[in-house]
Amino acid sequence: MSGLLLEIQALSVDRGGAKAVTRLDAALSGGEVLSIIGANGAGKSSLLRAILGLEEAVAGRVLMSGEDISTLKPRDRAARGIGFCPEGRRLFPGLTVEENLAVVFEGTGRARRARVEEMFDRFPALAGKRRDRAWSLSGGQQQMLTIARAIMNAPRLLLLDEPTLGLAPMIIAEVLGIVRAIAAEGTGVLMAEQNVVPALDVADRVLVLSRGSSAHAGAAADITAERIATLMLVGV
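Our subject in this report is the structure included herewith. These numbers come from a predicted model, not from an experiment. (Residues numbered from 1 in each chain as written. Predicted model: local features only at pLDDT ≥ 70, side-chain atom pairs only at ≥ 80, totals over all residues. Heavy atoms only, no water.)

**A word on the sheet that holds strand S5 (residues 67-68)**
Thought 1: Spatial ordering of the open sheet is given by S2-S1-S4-S5, a layout of four strands whose pairing is antiparallel. Both edges of this open sheet fall to strand S2 (18-29) and S5, since each of them pairs with a single strand only.
Thought 2: Examined bridge by bridge, strand S4 (residues 57-64) and S5 share two bridges and lie antiparallel to one another. Paired with Leu63 across the bridge in S5 is Asp68.
Thought 3: Contacting strand S1 (4-15), S2 and S4, helix H1 (residues 44-52) runs over the sheet at an angle of about 115° to S1. (Pairing = 2+ DSSP bridges. Helix = DSSP H or I, 4+ residues; strand = E, 2+ residues; numbered from the N terminus. Contact = heavy atoms within 4.5 Å. Axes fitted to C-alpha atoms, helices over the stretch in contact; angles between N-to-C directions.)

**Quick notes on the nonpolar core**
Thought 1: Counting 47 residues, the largest nonpolar core has Phe123 and Leu126 as the members making the most contacts within it.
Thought 2: Ranked by the residues each element gives to this core, the list is headed by helix H7 (residues 169-184), at seven residues.
Thought 3: Discounting chain neighbours no more than four positions away, the residues touching Leu126 are Val97, Phe120, Leu137, Gln141, Met144, Leu145 and Ala148.
Thought 4: If you look at the next biggest cluster of nonpolar residues, it comprises 28 residues, including Leu5, Val21, Ile69 and Phe84. (Core = buried A, V, L, I, M, F, W, Y, C linked by side-chain atoms within 4.5 Å. Buried < 20%, exposed > 50% of the residue type's maximum accessible area, 1.4 Å probe, protein only.)

**Some words on unusual backbone geometry**
Thought 1: Here the phi dihedral of Ala10 falls at roughly 50°; this positive angle occurs in a residue that is not glycine.
Thought 2: Among the secondary structure elements, Ala10 is positioned in strand S1.
Thought 3: In the Ramachandran plot, Ser65 falls in the positive-phi region, its phi being about 50° despite a non-glycine side chain.
Thought 4: Owing to a relative accessible area of 45%, Ser65 belongs among the partly exposed residues under this scheme.

**Observations concerning helix H4 (residues 109-122)**
Thought 1: For H4, which comprises 14 residues, the first-to-last C-alpha distance of 20 Å matches the rise-based estimate of 20 Å (1.5 Å per residue) to within 8%.
Thought 2: Taken together, the buried positions of H4 are Arg115, Val116, Met119 and Phe120. Viewed end-on, H4 has its buried residues packed into an arc of 145°, placing them on one side of the element. Seen from the buried face of H4, the exposed residues on the opposite side, beyond 90 degrees, are Arg110 and Asp121.
Thought 3: Looking at the buried side of H4, the elements it contacts are helix H3 (97-102), helix H5 (124-127) and helix H6 (139-150). (Expected span 1.5 Å × (residues − 1). Arc of directions from axis to C-beta.)

**Side note on the sheet that holds strand S10 (residues 213-219)**
What holds strands together in a sheet is hydrogen bonding between their backbones, with the strands either parallel or antiparallel.
Thought 1: With respect to topology, six strands assemble into an open sheet ordered S6-S7-S8-S3-S9-S10, the strand pairing being mixed. At either margin of the open sheet sits one strand with a lone partner, and together these are strand S6 (82-85) and S10. Strand-to-strand, the axes of this sheet are offset by a mean angle of 15°, without reference to chain direction.
Thought 2: Relative to strand S8 (residues 188-193), strand S3 (residues 33-37) is paired through five bridges, and the arrangement is parallel.

This is the structure we're talking about:
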């Protein structure tokens, strides 16, 4: 793995007047997958959104490669090399697959066309759908398009919010294979999941959240899915 990419220091996030995340510490290196595992309402989405600046942190800091990005706007944080796959995919449903990819690319012309073709090489299930509208894709295809869109600008850090939600087991395995391949190229992946088994299977390390606080942090190989499920419920 490459060097330390992301540091979260004593981060606290409020949502609707209540604590969504409380004094959380975490770190991620390039080439590593860190699964943030927790039940609904545990603070997973708030954590990812706070890293990108879509939710305001009331305390703590977010650093990328040692630079404090806590006060930067979301666009400026993304420009530092952050890609984001939101929960629910949030594609442009009326645009084609190809247009969904092209519209987010920061370059133009030949570079844009080349990058789109790279995505079709990486995601062959999308290649035959390039002129189909995004709304017409299956759930698995939509999730692949969401990931492809998030890596169009070759981010150093990829944030995934519930990427296996609503997918069949065979598609989950395919999506997680893509996640591992992305990490193998040096990208740090922070994946929020409530689906314990796949989250544990793909991870190098895990952070279990319960009511916005850390219930466990450590190597994925050192904890079982059963123990994680217990921690998610009771937080101890």
